[in-house]
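Coordinate inspection notes
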Amino acid sequence: MYEREGEEAARTLARAWQLKVKPGGLIPVIIELYFGLDPKSIDKATLEQLGGTIDAVLRSYLRVLVPFRSLRRIATHTDIRMVRAPTPAKVLGGLGSNLSESVDLTGAADL
């Protein structure tokens, strides 16, 4: 999208996907690594050279702030399996304030 239609079109699409565009045109993305790789071990300098800034490191993935122009470049990193938009957290039915990013993705609510 960015390459074909420019940054304004990419911003419009990001807003439609309910992504919060940060100052400087950075968008948050989730980076999933290949199985067996620890998100804490990813080379921060290489990720920064590709245009990303690590925002958070979790047990199974990283949240990275990336300018639109660098999204495809980040996805070429040899340790990265997938770059995706964050899934909005939802309150789990009947479990109070527990939040989950993955219930809908795993089908756990159907159990």
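Preceding block: the structure.
Residues numbered from 1 in each chain as written. Predicted model: local features only at pLDDT ≥ 70, side-chain atom pairs only at ≥ 80, totals over all residues. Heavy atoms only, no water.

**Digging into the overall build of the protein chain**
- Per the secondary structure count, the protein chain includes five helices and six strands.
- Relative to all contacts within the protein chain whose residues are 6 or more apart in sequence, the contacts with residues 24 or more apart total 50%. (Helix = DSSP H or I, 4+ residues; strand = E, 2+ residues; numbered from the N terminus. Contact = heavy atoms within 4.5 Å.)

**Describing the pattern of salt bridges**
- Counted under the stated rule, the structure contains five salt bridges.
- A salt bridge links arginine 11 to glutamate 7, with the nearest nitrogen and oxygen atoms 3.2 Å apart. Of the two residues, arginine 11 and glutamate 7 are both situated in helix 2 (residues 7-16); the distance of four residues between them amounts to about one turn of the helix.
- Using a relative accessible area of 23% as the deciding quantity, one classes arginine 11 as partly exposed. (Salt bridge = Lys/Arg side-chain N within 4 Å of Asp/Glu carboxyl O. Buried < 20%, exposed > 50% of the residue type's maximum accessible area, 1.4 Å probe, protein only.)

**Observations concerning unusual backbone geometry**
- Even without being glycine, glutamine 18 reaches a positive phi, approximately 65°.
- With respect to the helices, strands and loops of the structure, glutamine 18 is situated in the loop between helix 2 and strand 1 (26-33).
- You can call glutamine 18 exposed: its relative accessible area is 65%.

**Details of the pairing of strand 3 (residues 61-67)**
- With respect to burial, strand 3 is a largely interior element, six of its seven residues being buried.
- For strand 1 and strand 3, the ladder comprises seven bridges, and the chain directions are antiparallel. Residue pairing for strand 3: proline 28 is matched across the bridge by leucine 65.
- Sheet topology places strand 2 (residues 53-57) next to strand 3; four bridges connect them, and they run antiparallel. The residue of strand 3 that forms the bridge with valine 57 is leucine 62.
- Hairpin connection between strand 2 and strand 3: a loop of three residues separates the two successive antiparallel strands. (Pairing = 2+ DSSP bridges.)

**Section: the nonpolar core**
- Ranked by internal contacts, the top residues of the largest apolar core, which has 16 residues, are Ile31, Leu47, Val64, Ile74 and Ile80.
- Elements represented by at least two residues in this core include exactly helix 2, strand 1 and strand 3.
- Considering each element in turn, this core owes the most residues, four residues, to strand 1.
- When sequence neighbours within four positions are dropped, the list of residues in contact with leucine 47 reads Ile31, Ile42, Gly52, Ile54, Val64, Ile74 and Ile80. (Core = buried A, V, L, I, M, F, W, Y, C linked by side-chain atoms within 4.5 Å.)

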